[in-house]
Amino acid sequence: MKRQSKTQNQALSGWWAGTGQGNLVTGARRQSSRWRDRLAAGLCWTVAAVLLATFGWILADLLSEGLGRLSWDFFTKAPMDAGRAGGIGTVLVSTLLILAVCLLVAAPLGIATAAYLSEYTRRKSSVGRWIRGCLDLLASVPSIVFGLFGAVFFCQMLGLGFSILSGGLTLACMVLPILVRSSETGFRMVSDDLRRGAAALGMRQNTTMAFVILPAALPGIAVGLVLGIGRALAETAALIFTSGYVTRMPASLLDSGRSLSIHIYDLAMNVPGGEPTASGTALVLVVLLAAINWGAAAAMDRWRGRWSRS
Amino acid sequence: MWVVVFLFLFGACGGTTEEGGASKEGGGVSGKLVLTGSSTVAPLAGEIGRRFEERHPGVRVDVQTGGSSRGIADVRSGVAGIGMVSRWLKPEESDLEAYTIAMDGVCLIVHRDNPVARLTGEQVIGLYRGKIVDWKEVGGKPGPVTVVNKAEGRATLEVFLGHFGLKSEEIEADIIIGDNQQGIKTVSGNPGAIGYVSIGAADFEARRGAPLRLLPLDGVEATVENVASGRFPMSRPLNLVTVGKVPALAKKFIDFARSKEVHDLVRKQTYVPYEGNGEK
């Protein structure tokens, strides 16, 4: 192991020397290249440490400000006094409903589009290029534009008004590009050997799709879903004019309901003395996101184990 | 599985459209009332709405936010039954009827470490027009001035412009903000900043230890009491606005929002209760 790294070092320093005054590797050079290695490693560590420290700082800030607000009532009660008192129970329910609408619409559409792009069109076909171009353009549109579109199209033209349904559908439009692009990558990662194997066995394209390619592409699709959920949960601008600002417990999908991130934004930016609740709510949001990430990873691990055994 | 899901979705839709229509039964009012507009009024209107719902079961008051301009646009287009506008109405808005539910003062704020105790009207105009760029020109510690201005469409901006006779396009802002708390946070975190926000909110945060100072205006201290007495010169009404004929439910809500029954809610949201005669 040690020997190998030494020869690698030599090769590296040889390359360095090669760019300079020829191939002569002297002791001093070797020394300085080792020093350079250490410097590079140190830099990488520093960058990683800064990244961790940033996250740690945010988390510590949220914990110190918001932990005192957390209690059973905080998770079950409705907000009182513009959010300074009471809980976030109703907001939590609205958020989960918005997310459910968003995923129920975006997931089938997204996965089907990805499958079409990867399995049913040639990679360089003009249709595929057009769809991909549009998706990439959509992915870079600021979320407030989706919010304004949703407010006009879903709330006014379709007459859904300020509602969880409008919010969820607007989010679905916003999440779709991410979902399609990462699911497509998932499909493309599936080895062509599997496709050829299926073809050699005389399987039809649809059967191959359902029983061979889709299961193999699932990890990529899961990544897309997790990214989409992350973006949906973090969204405020697209939701404030669609799902709205109401903190009452929603009775149906046509009721307006405030999402967690709008609650945080309003309490931090609009309500004097709203900070503790904003931090507590942010803490809940972070834990929710972490739980979804870990849950998805664990489900993938189990799925992969079962699939490869069968 | 998707079939089940969509059946559920449409089931939910169908169920609610039947009960969603506003209906009048017995002597009480029922139905749904939508308010949109000023983010300053929204938390207060939400609290008033909750108390109104408690008094009148069967009524739902949905409060949405987005700024005073949006409130006016929504009430004109019929999206909202009542708009929330946190300023006086302009001459071109004479198609609207305004009902004041509370008063709020707007004051200039600086960082606590800024030694400038007061600013004259000309100095404020100079600062916001970008003519004065260093604090030493107005008797402060040498250092650049960070001008914090409100975004277009915000009522606080229009109250400020109106008081100082400024035009929006004359202002040379370094930072443009939206809500009051954002202004308070920006000034608290920047010793060279000057901004203007709601007195109630600034007073509340300063008492809680935020490093900021409220500047007096024309020699009048920026306090909630001075807004209540009407002595503070830069103040504004928090209005509910309607257009055309007002339905019974909206009328009842407006009367309730102007009554003594909500004064504790108004004070809790750091504003000054409206002491008018009620009827308009």
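What counts as what
Residues numbered from 1 in each chain as written. Chains lettered and ligands numbered in written order. Predicted model: local features only at pLDDT ≥ 70, side-chain atom pairs only at ≥ 80, totals over all residues. Helix = DSSP H or I, 4+ residues; strand = E, 2+ residues; numbered from the N terminus. Buried ≥ 20, exposed ≤ 12 C-beta atoms within 10 Å, placed from the backbone. Contact = placed C-beta atoms within 7 Å. Pairing = 2+ DSSP bridges. Arc of directions from axis to C-beta. Nonpolar A, V, L, I, M, F, W, Y, C, P; charged D, E, K, R; others polar. Domains from an automatic or database assignment. Axes fitted to C-alpha atoms, helices over the stretch in contact; angles between N-to-C directions. Parallel < 35°, antiparallel > 145°, perpendicular 65-115°, else oblique. Left-handed = near helix turned anticlockwise from the far one by under 90°. Right-handed = clockwise from strand over helix to strand, strands pointing away. pLDDT = per-residue confidence, 0-100. Core = buried A, V, L, I, M, F, W, Y, C linked by C-beta atoms within 7 Å.

**Some remarks on the overall build of chain A**
Part 1: Of regular secondary structure, chain A possesses twelve helices and two strands.
Part 2: Element order for chain A, N to C, with α for helix and β for strand: α-α-α-β-β-α-α-α-α-α-α-α-α-α.
Part 3: Taking all 310 residues of chain A together, 37% fall into the buried category.
Part 4: Look at the contacts in chain A between residues 6 or more apart in sequence, and 72% of them connect residues 24 or more apart.

**A look at the pairing of strand β5 (residues 146-150) of chain B**
Residues and elements named next belong to chain B.
Part 1: For β5, the tally of buried residues reaches four of five residues, placing the bulk of the element in the interior.
Part 2: The pairing of β5 with strand β6 (residues 175-177) spans three bridges and is parallel. The residue of β6 that forms the bridge with Val148 is Ile175.

**Here we look at helix α4 (residues 121-129) of chain B**
All names here are of chain B.
Part 1: Of the residues making up α4, those classed as buried are Val124, Leu127 and Tyr128. With its buried residues spanning 90° around the axis, α4 presents them on a single face.
Part 2: The inward-facing, buried residues of α4 contact β4 (96-111), β5, α5 (155-164) and β7 (193-198).

**Concerning the interface of chain A and chain B**
Interfaces are often sized by the amount of accessible area the parts lose when they come together.
Part 1: With 22 residues of chain A at the contact, the number on the chain B side is 31 residues.
Part 2: Taken together, the residues of the side of chain A that touches chain B sort by class into 14 nonpolar, seven polar and one charged.

**Focus on the domain arrangement of chain B**
Residue and element names in this part refer to chain B.
Part 1: For chain B, the assigned domains read domain 1 (7-103 + 236-273) and domain 2 (105-229).
Part 2: If you average the C-alpha positions of domain 1 and of domain 2, the two centres end up 31 Å apart.
Part 3: At the junction of the two partners, domain 1 supplies 14 residues and domain 2 supplies 15 residues.
Part 4: Considered class by class, the residues forming the side of domain 1 that touches domain 2 number four nonpolar, eight polar and two charged.

**Overview of the packing of helix α7 (residues 164-189) of chain A against helix α9 (residues 205-234) of chain A**
All names here are of chain A.
Part 1: Across the interface, α7 lies against α9 with an axial gap of 7 Å and an inter-helix angle of 150°. Between α7 and α9, the angle is such that the two are roughly antiparallel. The handedness of the crossing between α7 and α9 comes out as right-handed. Contact residues: Leu171, Met174, Val175, Ile178, Leu179, Ser182, Ser183, Thr185, Gly186, Phe187 and Met189 in α7; Ile213, Ala217, Pro219, Gly220, Ile221, Val223, Gly224, Leu225, Leu227, Gly228, Arg231 and Ala232 in α9.
Part 2: Partitioning the contact of α7 with α9 into residue classes produces 15 nonpolar, seven polar and one charged.

**Observations regarding unusual backbone geometry**
Residue and element names in this part refer to chain A.
Part 1: For Asp81, which is not glycine, the phi dihedral falls at a positive 50°.
Part 2: Tracing the chain through its elements places Asp81 in the loop between β1 (79-80) and β2 (85-86).
Part 3: The backbone of Ala82 shows a phi angle near 60°, a positive value even though the residue is not glycine.
Part 4: Look at Ala82 and you get buried, because 26 C-beta atoms sit within 10 Å.

**Things to note about the pairing of strand β2 (residues 59-63) of chain B**
Residues and elements named next belong to chain B.
Part 1: The element β2 is largely enclosed, with a buried count of five among its five residues.
Part 2: Judged by which residues are buried, β2 turns out to be covered on both faces: Val59, Val61 and Val63 on one side and Arg60 and Asp62 on the other are all buried.
Part 3: Relative to β2, strand β1 (residues 31-37) runs parallel, the two sharing five bridges. Bridged to Lys32 within β2 is Arg60.
Part 4: For the crossover that starts at β1, traverses helix α2 (residues 42-55) and ends in the parallel β2, the hand is right-handed.

**With respect to the environment of B:Ile48**
Residue and element names in this part refer to chain B.
Part 1: Within the secondary structure, Ile48 is located in helix α2.
Part 2: According to the C-beta neighbour criterion, Ile48 is buried, with 27 such atoms within 10 Å.
Part 3: Taking the C-alpha atoms as reference points, Ile48 and His111, 63 residues apart in sequence, are found 34 Å from one another.
Part 4: Residue contacts for Ile48: discarding those within four places in its chain leaves Ala257, Val262 and Leu265.

**Notes on the confidence of the model for chain B**
Segments scoring low in pLDDT should not have their predicted coordinates read at a detailed level.
Residue and element names in this part refer to chain B.
Part 1: On average, residues of chain B score 85 in pLDDT, and 88% of them reach the 70 mark or higher.
Part 2: Counted against residues more than four places away or in other chains, residues 1-27, with its pLDDT under 50, gives 17 contacts.
Part 3: Note on the complex model: pTM 0.82, ipTM 0.79.

**Section: the confidence of the model for chain A**
Part 1: Summarising the model, chain A shows a mean pLDDT of 88, and 89% of its residues fall at 70 or more.
Part 2: For residues 1-22 of chain A, every residue scores under 50 in pLDDT, and the model assigns this stretch 18 contacts once sequence neighbours within four places are set aside.

**A look at the nonpolar core**
Part 1: Ranked by size, the top nonpolar core spans 134 residues in total, and within it A:Cys102, A:Val175 and B:Cys107 carry the most contacts.
Part 2: For this core, the element with the highest residue contribution is helix α4 (residues 89-120) of chain A, accounting for 15 residues.
Part 3: Here this core spans two domains, since at least three of its residues come from each of domain 1 (7-103 + 236-273) and domain 2 (105-229) of chain B.
Part 4: Excluding residues within four positions of it along the chain, B:Cys107 makes contact with B:Tyr196, B:Ile199, B:Ala202, B:Leu214, B:Leu215, B:Leu217, B:Ala222 and B:Met234.

**Focus on the packing of α4(A) against α9(A)**
Residue and element names in this part refer to chain A.
Part 1: At their nearest, the axes of α4 and α9 sit 10 Å apart, and the two run at 135° to each other. Taken together, the axes of α4 and α9 lie oblique to each other. Of the two elements, α4 crosses α9, and the hand of that crossing is right-handed. Residue-level inspection shows Leu99, Cys102, Ala106, Ala107, Gly110, Ile111, Ala115 and Glu119 of α4 in contact with α9, the latter providing Met209, Ile213, Ile221, Gly224, Leu225, Gly228, Ile229, Ala232 and Leu233.
Part 2: Residues that form the contact of α4 with α9 fall into these classes: 13 nonpolar, three polar and one charged.

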